[in-house]
Amino acid sequence: MATSETDVLSNETGKLLAAQLQESWAGRWQVMWQPWSRKFRAFPAYDMDVNTPVEGRTLRELWRNVLNVDPVLLCAAAEAIPAHPPTAVPVPVSTDLFMQLLEVSR
């Protein structure tokens, strides 16, 4: 049976690689090495409602999986932000002032 890259990876090296990948994403994704499952896991730091991590047996696999799901999560996070229309505030204008403005605009 062939061994995978993560089967021979030490725990210290796995932690170091996870930290380097997290740093390369500028903290947008939290990356962890899980020695008991021999997998890398990543959670989006910008969307705390996401409960399912992105996984990969290798860093390359994790990186590809994150690239597949990241645009979808970003769009969902953007759509969840409530957008409020601008508030129009009526300004009371006297009839005399209104007539003056009307004549100036002619």
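Cut-offs and rules
- Residues numbered from 1 in each chain as written.
- Predicted model: local features only at pLDDT ≥ 70, side-chain atom pairs only at ≥ 80, totals over all residues.
- Heavy atoms only, no water.
- Salt bridge = Lys/Arg side-chain N within 4 Å of Asp/Glu carboxyl O.
- Helix = DSSP H or I, 4+ residues; strand = E, 2+ residues; numbered from the N terminus.
- pLDDT = per-residue confidence, 0-100.
- Buried < 20%, exposed > 50% of the residue type's maximum accessible area, 1.4 Å probe, protein only.
- Contact = heavy atoms within 4.5 Å.

Asker: Give a description of the pattern of salt bridges that names residues and reports values.
Answerer: Enumeration according to the criterion identifies three salt bridges in this entry. A salt bridge links Lys39 to Glu55, with the nearest nitrogen and oxygen atoms 3.4 Å apart. Separated by 16 residues along the polypeptide, Lys39 in strand β2 (residues 39–44) and Glu55 in strand β3 (residues 54–56) bring together distant segments of the chain. Between Arg41 and Glu55 there is a salt bridge, with the nearest N and O atoms lying 2.5 Å from each other. In this pair, Arg41 is assigned in strand β2 and Glu55 in strand β3, connecting sequence segments 14 residues apart. Within the structure, one salt-bridge network assembled from shared partners comprises Lys39, Arg41 and Glu55.

Asker: Describe the confidence of the model for the chain, and please don't skip the residues or the numbers.
Answerer: Per-residue confidence for the chain averages 82 on the pLDDT scale, and 81% of its residues sit at or above 70. Of all secondary-structure elements in the chain, the lowest mean pLDDT belongs to helix α3 (residues 95–105), at 72, while β3 reaches the highest, 94.

Asker: Give me the lowdown on the side chain of Gln34, citing residues and values where you can.
Answerer: For Gln34, the location among the structural elements is in strand β1 (residues 29–34). Residue classification places Gln34 among the buried positions, given a relative accessible area of 8%. Residue contacts for Gln34: discarding those within four places in its chain leaves Lys39 and Arg41.

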